[in-house]
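Examining the three-dimensional arrangement
So you can see what is in the structure, the chains are spelled out below.
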Amino acid sequence: MRKYILASVLIIFAFSFGLAQPGSSPWLTNTERAKFETLRIAGSEALFNLDYETARKNFKEMAQAFPNYPAGPQFLADSLWIETLYQTRRLQSSLYGGDDSFYSTSDDKVDPAIVDQFRTLTRQARLLAEARLKQNPRDPEALYFLGAIEGLKASFEEAVERRHFAALKDGSDAVERHREVIKLDPSYHDAEITIGLYDFTVGSLPLPVKLIAGVAGFHGSKKRGLATLERVTREGRWVRDEARTLLIVLYTREKRYAEAAAIGKELAAKYPRNYLYRLEAADALVYQAALERAASQNHTTATTAIEKEAFATFDSLLKDKAVRDTAARAFDLIHFKYGEALMTAGQYDRAAKEFLAAAEVSGAQQGLATMAHLYAARALDLGGNRNDALTQYRAVLARPNVYDAHDQAQTGLKEAFKKKLT
């Protein structure tokens, strides 16, 4: 259940920056809304470009300028949540998509102070939205905010606190709120991003869990969820890029790799400082090449070209001046993902070198460095370099245990790693 929910909710609930259409008695005057929009756009663009300091600056100014409006504390909670994902390497979804070992223990606990701050901000935003609803229970803007806050809580509960059914409950409440918004204003497609995500998430649960969720009143459909999100990308007003971001993850899960890569490249061009979009696009390209190679049972000119494009993306991320300020702090992750791509392509010697480069990056995240040694060992095994593989398995055991790395290394010492058949 963990991986299914995490990969689905990882990105989008946190990006609920859309607002419902102002009603007959608007919350903000036209002048106030103009200022608000300036701050919202600047903060949102900064967040997409991984510039958390600038995002917070704009959202704090928003909270101070409009103390009775829930957007300020909600967006501050959004940015705190997204930065937490980024710092714990959960914002790059594919890092957790291929191996259970990346999601098997709680070694990456988040600072309790961050949890407290998040809860304080979401509580403040919720109280402001509820105060508005007491005056007008059918206010679409207040309903939208309340649903967005509940959805944000669901994401936090799942990926940070690992409270899976609490996440389902709050996610369900968010959907109900946004369905109310749609009833009041059928043209407000931005509210459908929550509905579409929830549909896909519940529809993706393993059958035993889905049956339990169904008894508890949680129902969903992957097909319907995807169709809803695709409509948001076409007809949404504020959250088109948020919906596109989510579709990268969901298309990848559905093995629609070419579509995922295309969206990743589009968003990378729009937000050049966000190297994660380029990583997602490169991942998707590698898997697309593997899919085509399996179908043809051989390398073709097309698959070779796709792989070359993916590898060129990784190379550019390690050298590109446009993303140096942000990507330089994540060279360990880039090298690691490059190694995974090479291993998927069957280039095991090159893959091992990239994994070792990830482990050797100055300031590399300790957990990722441990896993890099493990993956280097596996790549060396697959390449027939058993002695070097044994050295790397022992290196894993000499490091602090993260995830289930020590168990995996012990297994590798007993028997050479073999590629799983799919």
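See the structure printed just above.
Analysis parameters
Residues numbered from 1 in each chain as written. Predicted model: local features only at pLDDT ≥ 70, side-chain atom pairs only at ≥ 80, totals over all residues. Heavy atoms only, no water. Helix = DSSP H or I, 4+ residues; strand = E, 2+ residues; numbered from the N terminus. Buried < 20%, exposed > 50% of the residue type's maximum accessible area, 1.4 Å probe, protein only. Contact = heavy atoms within 4.5 Å. Areas by Shrake-Rupley, 256 points an atom, 1.4 Å probe, with all protein chains shown as cover. Salt bridge = Lys/Arg side-chain N within 4 Å of Asp/Glu carboxyl O. Core = buried A, V, L, I, M, F, W, Y, C linked by side-chain atoms within 4.5 Å.

Things to note about the overall build of the chain
Helix and strand counts for the chain come out as 20 helices and 0 strands. Scored against the burial criterion, the 422 residues of the chain give a buried share of 57%. A separation threshold of at least 6 residues defines the contact pool for the chain, and within that pool the share at least 24 residues apart is 66%. Per element, the accessible surface of the chain, about 18100 Å² overall, is 51% carbon and sulfur.

Some points on the pattern of salt bridges
With the rule as written, the count across this model stands at 21 salt bridges. Among the salt bridges present, the one from Arg132 reaches Asp139, with a minimum N-O distance of 2.8 Å. With a shortest N-O distance of 3.9 Å, Asp170 and Lys153 are connected by a salt bridge. Separated by 17 residues along the polypeptide, Asp170 in helix α7 (residues 164-184) and Lys153 in helix α6 (residues 140-159) bring together distant segments of the chain. Taking the relative accessible area as the measure of exposure, Asp170 reaches 10% and is therefore buried. A single network of salt bridges, built from pairs that share partners, joins Glu230, Arg256 and Glu259.

A closer look at the nonpolar core
What tends to happen in soluble globular proteins is that the nonpolar side chains get buried as a cluster. Counting residues in each nonpolar core, the largest one holds 120 residues, and the members touching the most others are Trp81 and Tyr275. When residues of this core are assigned to their parent elements, the largest contribution, 10 residues, is made by helix α18 (residues 366-382).

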